[in-house]
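Commentary on secondary and tertiary structure
These are the residues of each chain, in order.
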Amino acid sequence: MPILRRNRKIFTEVFKYIFAFIILIGTLAPFLWLIISSISPEKELLAKPLQWIPSRHTFQRYVSIFTESENNKAAYVFRQAMGNSIKVALSVVVISLISGTIAAYSFARLKFRFKNKIIMVFLFTYMIPPVAIIIALFTILNELNLIDTLLGLTILYSSFTTPFVVWIMKGYMQSIPGDLEDAARIDGCSRLKALTRVILPLALPGLIATGILVFLLSWEEFFYALIFTSSVQAKTISVAISEFSGRHAVDYGMIATGGVLATLPPVILTLFFQRYIISGLTAGGVKG
Amino acid sequence: MRRPLSEENFAFILITPAVIIIFSIVLYPILKTLYMSFFNIDLTNPFSRPFVGLGNYLEILCGPTFWNAMVRTVYFAVVSISMEFILGISIALLLNEDFYGRWLLRSLIIIPWAIPTIVNGSLWRWIFNPQYGALNALLTQIGLIDSYQSWLGSPFLALNMVIVADVWKMTPLVVIMILAGLQTIPHELYESAGVDGANVLKRFFHITLPMLKPTILIVLILRTMETFKVFDIIYIMTSGGPANGTQLITYYTYREAFSYLQLSKGATLAFLISLTILGLSIIYVKALGTKTEY
């Protein structure tokens, strides 16, 4: 009997490591293939049978995206698009963090009429898929001359990131003990001061988590960007990637390079701020 | 001296910016979409926009295209979410065990989720490429297939291959949520079960799964609603083809409105989607109501 038990234990241990190894390969292999494709010579990518490890590597594609002059349309568009994405994502983070956090505070801490009904409306707007409103938005932005502008895109993104911030920050605010705020109020702090001096510093981890998630949401957004932007001045990185795939129909190495560059910022942010991101995700919001 | 603000007024001031944003960019457009769905707005014929009442709804609900797209959307949701749950729960259970390198696997597991959807789609299209793709190369080299296949070439197979790409990206999310849920299960529950001689499977079905129920419910509903957002991956991998085989409801709406310029038909589809989401939201709130917090 003890031998049987020990055998079973060894078996589960071995099984655990085999399973872990399969998960590791399954998680990393497709992404590694993207990186390998971006540094392989074109000829080896199209070889049959396929060589998995390139005989030599080349960073020429990365160099050309960042150094080539404006004559190289693809590289120029890609650089501009990356800049546009950063600008939009940062503006969206600022707008939705401010408007969403103060609203979350009042939902979490204050008593007022229709509170629960308004919270329900926010939850519903968070659930609404972009496709449900995009046609009306198209006619509205058209009348306001906001199509193909970074401002228009920033406003659109704020519409889905703000309810997201409200939803997550409400949870964080509720987890901060109420006594601290009461004590500050008794000491003569105004409501606004209690919010800025007591609550916000305590909610900082939540703000960081939410801010990063909002940045990731804006960075990877594609549907609005596809429909509302067309010029180099406004298109974002995801649109540039999709055009890359279309235009460079045969240059897989270049498509892979663009893909790696678009992926690095979110992957680095995610790995670096993993603990914050996980706490944000499990606090009630889920990125699409 | 200025009178201090009442609690209620302070609250209203604080929610104003967020309320303005969602009313002008979400709720007003929903109403405008509803309004547009009662007319016949066709951008290929911009000078006439007759009122047609419920005509668009009748046309869409009586035709096969809408229902085909709906059936595909439901298929996509059922298959991708079940696979994400089977994989996600197994991986989370593994990551909840002790083994060397667990911290490494726990941090790396999140990578697919962080890859932008459009890059994910372009990556898998490259892997599934019929002439040079890595999948064909791998399967021929290990002898599973004799000749290169066109993975995105036939309607039903293409739909399933798109699901594979989606599952690869979204499983990490399920792992993270389930893992967080697993960590809230008190250890004593397992210890007392261990004393009673319950085996692994029994412990899983009698303790782990029931304790995970709230987490599973939340993830299930959120993932279901997100199926109505699936667009990027289809746009980049298959453009809804071949033979509309991967045309889910969102892609169908996009195509009506922005390729065929049938704005009011698109608006009608969009409003039908809003109604579906409203129904799902109500279920979501009811389900959350059974949980004490949130």
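Just so you know, these numbers come straight off a predicted model, no measurement behind them.

Reading the values: the criteria
- Residues numbered from 1 in each chain as written.
- Chains lettered and ligands numbered in written order.
- Predicted model: local features only at pLDDT ≥ 70, side-chain atom pairs only at ≥ 80, totals over all residues.
- pLDDT = per-residue confidence, 0-100.
- Axes fitted to C-alpha atoms, helices over the stretch in contact; angles between N-to-C directions.
- Helix = DSSP H or I, 4+ residues; strand = E, 2+ residues; numbered from the N terminus.
- Left-handed = near helix turned anticlockwise from the far one by under 90°.
- Contact = placed C-beta atoms within 7 Å.
- Nonpolar A, V, L, I, M, F, W, Y, C, P; charged D, E, K, R; others polar.
- Core = buried A, V, L, I, M, F, W, Y, C linked by C-beta atoms within 7 Å.
- Buried ≥ 20, exposed ≤ 12 C-beta atoms within 10 Å, placed from the backbone.
- Domains from an automatic or database assignment.

In this section: the confidence of the model for chain B. With 95% of its residues at a pLDDT of 70 or more, chain B has an overall mean of 89. Taken together, the chains of this predicted complex give a pTM of 0.90 and an interface ipTM of 0.90.

Residues and elements named next belong to chain B. In contact at an axis separation of 10 Å, helix α3 (residues 64-95) and helix α10 (residues 200-226) are set at 140° when each is read in the N-to-C sense. Relative to α10, the crossing made by α3 is right-handed. Residue-level contacts link A77, I81 and E84 of α3 to L220, R223 and T224 of α10. Residue classes in the contact of α3 with α10 are distributed as 3 nonpolar, 1 polar and 2 charged.

The subject of this paragraph is the nonpolar core. In terms of nonpolar packing, the biggest core is built from 160 residues, with A:A104, A:V166, B:V162, B:V175, B:I234, B:A270 and B:I273 touching the most fellow members. No other element matches helix α8 (residues 155-182) of chain B, which puts 16 residues into this core. Looking at which domains feed residues into this core, each of domain 1 (2-45) and domain 2 (66-282) of chain A supplies at least three. Apart from residues lying up to four places away in sequence, B:I273 is in contact with A:P129, A:V131, A:A132, B:F228, B:I249 and B:T253.

Moving on to the environment of B:Y132. Mapped onto the elements, B:Y132 comes out in the loop between α6 (117-127) and α7 (134-141). What makes B:Y132 partly exposed here is the crowd of 17 C-beta atoms within 10 Å. As for B:Y132 and B:Y148, which are separated by 16 residues in sequence, their C-alpha atoms are 8.8 Å apart. Once you skip the residues sitting within four places of it in the chain, B:Y132 turns out to touch A:L45 and A:L46.

Further remarks concern the domain arrangement of chain A. Residue and element names in this part refer to chain A. Examined at the domain level, chain A breaks down into domain 1 (2-45) and domain 2 (66-282). The centre of domain 1, based on its C-alpha atoms, is set 34 Å off from the matching centre of domain 2. At the junction of the two partners, domain 1 supplies 7 residues and domain 2 supplies 6 residues. At the level of secondary structure, the elements contributing two or more residues to the side of domain 1 that touches domain 2 comprise α1 (2-39) and α2 (42-45). In terms of residue count, α1 provides more of the side of domain 1 that touches domain 2 than any other element does, 4 residues in total.

Our next topic: unusual backbone geometry. Cis geometry marks the peptide bond from B:G241 to B:P242; its omega dihedral reads -10°. Position of B:P242 among the secondary structure elements: in the loop between α11 (232-237) and α12 (249-259). Even without a glycine there, the phi angle at A:N145 is positive, about 55°. Along the chain, the position of A:N145 falls in the loop between α6 (134-143) and α7 (150-175).

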